[in-house]
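Examination of the molecular architecture
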Amino acid sequence: MILDFVTKYVKISYEISAIFFDLVAISFMHMKIWEKGEKTTKVFRYMAYCILLWTLNEVINPVVMDKIPDAGLGRYFCLLVDSLQFFWGDVALFFFIIYLENYTDFKSIKWLRQLYIMIIVVATAVIFINPITGWLFTYYGLDEGYEKGPLYGIVGYFPAILFGATALYLYVTYFKQLLMRERVGLLSTILMIFAGATIQPALNGRLKITGLFASYGLFILYLALETSDYLGRMSAKAKLEEAQEIAASANKAKSTFIANMSHEIRTPMNAILGINDLILKDSKEEKIISYAKDMKRSGDSLLTIINDVLDISKIEAGKMEIQNRPYHLSELVDELVYDAQEKAKAKRLDFHVSVDENLPNYLVGDKEHLGQVVRNVLDNAIKFTRRGYVRFEVNGGIRGDLLHLVFMVADSGIGIKEEDLEKVFTNFGRVDMERNRSIEGTGLGLSLCQKIMTLLDGIITVNSEYGVGSTFTIELDQYIEKFESIQKFRREYGRFNPMTQKFKSAEKRKFLVVDDNEMNLKVAEAFLESSGAEIITENDSVVAFSMLQKEKYDLVILDDLMPRLTGPTILTRVRRGNGMNKETPFIIMTANSTETDKKGYLEKGFDGFVGKPIKEEKLIEAVNNFIVS
Ligand code: ADP
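Residues numbered from 1 in each chain as written. Predicted model: local features only at pLDDT ≥ 70, side-chain atom pairs only at ≥ 80, totals over all residues. Heavy atoms only, no water.

1. Some remarks on the overall build of the protein chain
Put simply, the test is: Segments assigned H or I by DSSP are reported as helices when at least four residues long, segments assigned E as strands when at least two residues long, and all are numbered from the N terminus. Each radius of gyration is computed over the set of C-alpha atoms, and the globule rule expresses the reference value as 2.2 Å times the number of residues to the power 0.38. Burial status follows relative accessibility: with a 1.4 Å probe on protein chains alone, a residue under 20% of its type maximum counts as buried, one over 50% as exposed, and anything between as partly exposed. All accessible areas in this document rest on Shrake-Rupley with a 1.4 Å probe, and a residue is counted as covered only by the protein chains that are shown. Working convention for charge: Lys and Arg count positive, Asp and Glu count negative, and His plus the chain ends are omitted. A charged residue contributes its charge at one atom only: NZ of Lys, CZ of Arg, CG of Asp or CD of Glu.
Of the regular secondary structure elements, the protein chain holds 21 helices and 14 strands. Against the globule reference of 25 Å for 629 residues, the protein chain gives a C-alpha radius of gyration of 41 Å, more extended than a compact globule. Here the protein chain holds 629 residues, and the buried ones make up 46% of them. For the protein chain, the computed accessible surface area is about 32900 Å², with 59% contributed by carbon and sulfur atoms. Each charge class in the protein chain was averaged separately, 74 positive and 81 negative side chains, and the resulting centres sit 2 Å apart.

2. Re the sheet that holds strand β14 (residues 608-611)
Think of a sheet as strands paired side by side through backbone hydrogen bonds, with each pair either parallel or antiparallel. The condition is simple: We treat two strands as partners when DSSP finds at least two bridges between them. Note on geometry: axes are lines fitted to C-alpha atoms, helical ones only across the stretch in contact, with angles between N-to-C directions running from 0 to 180 degrees.
On the basis of which strands lie adjacent, the open sheet formed by five strands has the order β11-β10-β12-β13-β14 and parallel pairing. Here the strands that pair on one side only, and so sit at the sheet edges, are β11 (534-538) and β14. Taking each pair of neighbouring strands and ignoring which way they run, the sheet shows an average axis angle of 20°. In terms of strand pairing, strand β10 (residues 510-514) meets β11 through five bridges, oriented parallel. Bridge pairing in β11 links F511 to I535.

3. Brief notes about helix α12 (residues 286-316)
How we decide: The span you would expect from a helix comes to 1.5 Å times its residue count less one. Contacts between residues were defined by any pair of non-hydrogen atoms, one from each residue, lying within 4.5 Å.
Between its terminal C-alpha atoms α12 stretches 45 Å, which fits the 45 Å expected from 31 residues at 1.5 Å a residue. Looking at the buried residues of α12, the elements they touch are α11 (228-282), α14 (367-383) and α16 (445-455). Trailing α12 by a residue or two, G318 shows a phi angle of about 65°, which is positive.

4. Section: a nonpolar patch on the surface
Put simply, the rule reads: Surface patches are drawn from residues lacking salt bridges whose relative accessible area is over 30%; two like charges belong together within 9 Å, two nonpolar side chains (Val, Leu, Ile, Met, Phe, Trp, Tyr) within 5 Å. Basic side-chain nitrogens of Lys or Arg form a salt bridge, by our definition, when they fall within 4 Å of a carboxyl oxygen of Asp or Glu.
Together, L168, V172, L187 and L191 make up an exposed nonpolar region whose accessible area comes to about 340 Å². Those elements that place two or more of their residues in the nonpolar patch are α8 (158-173) and α9 (180-202). Among the structural elements, L187 can be located in helix α9.

5. Thoughts on the pattern of salt bridges
In this structure the tally under the stated criterion is 15 salt bridges. Ionic pairing is found between K296 and D277, a salt bridge with its closest N-O pair at 3.8 Å. Here K296 is found in helix α12, whereas its partner D277 is found in helix α11, with 19 residues between them in sequence. In this structure K296 comes out as partly exposed when scored by relative accessible area, which is 30%. Measuring nitrogen to oxygen at the nearest pair gives 3.0 Å for the salt bridge that ties D515 to K612.

6. Concerning the packing of helix α4 (residues 72-101) against helix α5 (residues 110-133)
For clarity, the threshold we go by: In what follows, roughly perpendicular refers to angles from 65 to 115 degrees, roughly parallel to angles under 35, roughly antiparallel to angles over 145, and oblique to any angle outside these ranges. The classification used treats Ala, Val, Leu, Ile, Met, Phe, Trp, Tyr, Cys and Pro as nonpolar, Asp, Glu, Lys and Arg as charged, and all other residues, Gly among them, as polar.
It is at 8 Å that the axes of α4 and α5 come closest, and there the two elements cross at 170°. By the angle between their axes, α4 is roughly antiparallel relative to α5. Tallied by class, residues from the contact of α4 with α5 come to 18 nonpolar, three polar and three charged.

7. Here we look at the environment of Y152
With respect to the secondary-structure elements, Y152 resides in helix α7 (residues 152-156). Residue class for Y152 comes out buried when judged on its relative accessible area of 17%. Separated by 18 residues in the primary sequence, Y152 and G134 have C-alpha atoms spaced 9.6 Å apart. Not counting chain neighbours up to four residues away, the residues in contact with Y152 comprise F86, W135, L136, F137 and Y157.

8. Some words on the environment of N427
Take N427: it is sitting in the loop between β7 (402-411) and α15 (433-436). A relative accessible area of 32% means that N427 is categorised as partly exposed. Linking N427 and L446, residues 19 residues apart in sequence, is a C-alpha distance of 8.0 Å. The contact partners of N427, leaving out residues within four places of it in the chain, are I312, E316, G443, L444, S447 and K451.

9. Here we look at the packing of aromatic side chains
Think of a pair of aromatic rings as described by two things: how far the centres are apart, and how the planes are tilted against each other in angle. What counts, and what does not: Two aromatic rings from Phe, Tyr or Trp, using only the six-membered ring of Trp, form a pair when their centres are within 6.5 Å; if the ring planes differ by under 30 degrees the pair is stacked, by over 60 it is edge-to-face, and anything between is tilted. Any Lys NZ or Arg CZ that is within 6 Å of a ring centre and within 35 degrees of that ring's normal is treated as a charge sitting over the ring.
Overall, the coordinates contain 15 aromatic pairs when judged by the stated rule. Consider the rings of F86 and Y152, whose centres lie 5.8 Å apart with planes at 85°: the pair is edge-to-face. Of this pair, F86 sits in helix α4 while Y152 sits in helix α7, and the two are 66 residues apart along the sequence. Grouping residues by exposure puts F86 and Y152 together as buried. The rings of Y46, F94, F95, Y116 and F163 are connected pair by pair, giving a single aromatic cluster. The ring of Y362 carries K482 above its face, with NZ or CZ at 4.3 Å from the centroid. We note R573 situated over the ring of F545; from NZ or CZ to the ring centre the distance is 5.8 Å.

10. Structural notes on the confidence of the model for the protein chain
We count it as follows: What pLDDT reports is the predictor's confidence in each residue, on a scale of 0 through 100.
Residues at a pLDDT of 70 or more form 93% of the protein chain, whose mean pLDDT is 85. Within the protein chain, no element has a lower average pLDDT than α15, which sits at 62, and none a higher one than β7, at 96. When the criterion is pLDDT under 50, residues 491-499 qualifies, and its contacts beyond four places in sequence or with other chains add up to 16 contacts.

11. Thoughts on the packing of helix α10 (residues 210-226) against α11
Running from amino to carboxyl end, α10 crosses α11 at an angle of 40°, the nearest separation of the two axes being 6 Å. In this view, α10 runs oblique relative to α11, as classed from their interaxial angle. Residues A224, L225 and E226 of α10 pack against S228, Y230 and L231 of α11. Broken down by class, the residue content of the contact of α10 with α11 amounts to four nonpolar, one polar and one charged.

12. Examining the pairing of strand β12 (residues 555-559)
The following threshold applies: Crossover handedness is defined here as right-handed if the route from the first strand over the helix to the second strand goes clockwise, with the strands pointing away from the viewer.
Counted residue by residue, β12 has five buried out of five residues, so it is predominantly covered. Sheet topology places β10 next to β12; four bridges connect them, and they run parallel. Bridging across to β12, V514 finds its partner in L558. Examined bridge by bridge, β12 and strand β13 (residues 586-590) share four bridges and lie parallel to one another. Across the sheet, the residue bridging to I557 is I587, located in β13. Once the chain exits β12 it traverses helix α19 (residues 567-576) before rejoining the sheet at β13, and the crossover so formed is right-handed.

This is the structure we're talking about:
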């Protein structure tokens, strides 16, 4: 009997095999452990059921058409089965579009989806009434066959073509977003469905293969994108990406918080240290001077801590920028020696300096960060040495156009136990606390040094004998810009000593200083006094702006963040207008004092830059540039 059936309905044999395909795919689908709420999987399931029903429909169709009664409900049923295949195809394609949407970031347009559902509803209505109206087709029995009705084209082809085109459009538009496996899987499915739907009509229905091809497509899609191991991998990947995103944004939030906090702390510190400097400068009373000196020491070390924390959080957020620029080695060495000498003198330590005078002077590198590291190590050497000496050596060897630069800092201090040597480079890695308790510090300095040296492609190492002394070595390669030895410049060391600088005489000049913080104004005014210029201060940004409209100044120093008008806004307005201060040099005075910040201000049009807390020498340096004698 089966044999009879098969030989009789040979043209549906492909579709029968397709049913097996579909059943296998669907049972695989049900066997896997799904992730709840996995959207693509749910839609895939609906699509699979549609294709199964579509194929079943194709198989049943010739059987029922064969047995079609002349009239009544039976006839209606048989004709309905015959036309329902249009319905399954449309719905399967509709689900395929939704499935594709989930692989792209195409935000399904609501009205488009509703329109497509409407089209399906209307087509379905026509299908259901077709046995009565014959709008789709009329069936005249096996011999005479079909006659197409007036709506055949619209209902039979239009939705399928529209849905197919939409799928293809999505695929092409979002091609770049798809993984290779998704590209291949989805395209094969589109092609398979399309092939089945065109070949069958082309063969005039002699072969029934639409369901078979759709099932092939389904199977390919299943193997490509819906097997549980692949889905598991993808969902693990998605979870990992999400976790990474959360971690990155948390880290960013942390760094921003720390950066803001440091900024907020630095601004009042500016005032405290500045006023303290004024006390040191003006007071004649020994007791007061000694208090002020203590305050300066603690203030400076608080500032170091703030800066270290800020720098470490920056490095951890990957935001510290290394800027390689030409610099003079003599200048760097001189700055370091000058600072260290003062501190060593205050502790009555011998400070020996030895610089290889054949080293080239013109180098390219990040002088600021390198200086920060060496300064930190020199400060430590002085800090952890009670008596004896600190020795600072600068040596190097030339290889091609690279200088292998070596800084060595040796001291006769307390030394570090061998088991502690590793720890000194870790965050908060303070060691030997019984002996060190009285020495101020956080244990951040060396950890920061090591991190910076890694960024600079260099290394920092330590050798130490407990109770005898320590030697820190900092090594890195620097590009040589010009082979001219440092020797010549030794005589000029003094030139770079910042404190030997004085204001150029600015008598009869008028400077305007604007800051919303009265303390800062006082500090700036006191520093600027020795230039001889007339110093006008203003703490209201709006008043300051109107002053700039009315009077000509020789130099304007602006704070950045002020209520109502910020420094940069004032500058932009002045420069945009045609007032008398259009050409006046403007200096920004701000606690945002990284190299990147500085560059940003100069790009905004500022002519000079002074970091907060204001250091007298930095102010002198910045202001002198604009005093033309
Ligand atoms: P801090 O100096 O703020 O404590 P550092 O990170 O600079 O932090 O140093 C970490 C620790 O390494 C110090 O607390 C100290 O115990 C040890 N150390 C650093 N330099 C020296 C030195 N020259 N001699 C002895 N111990 C040192």
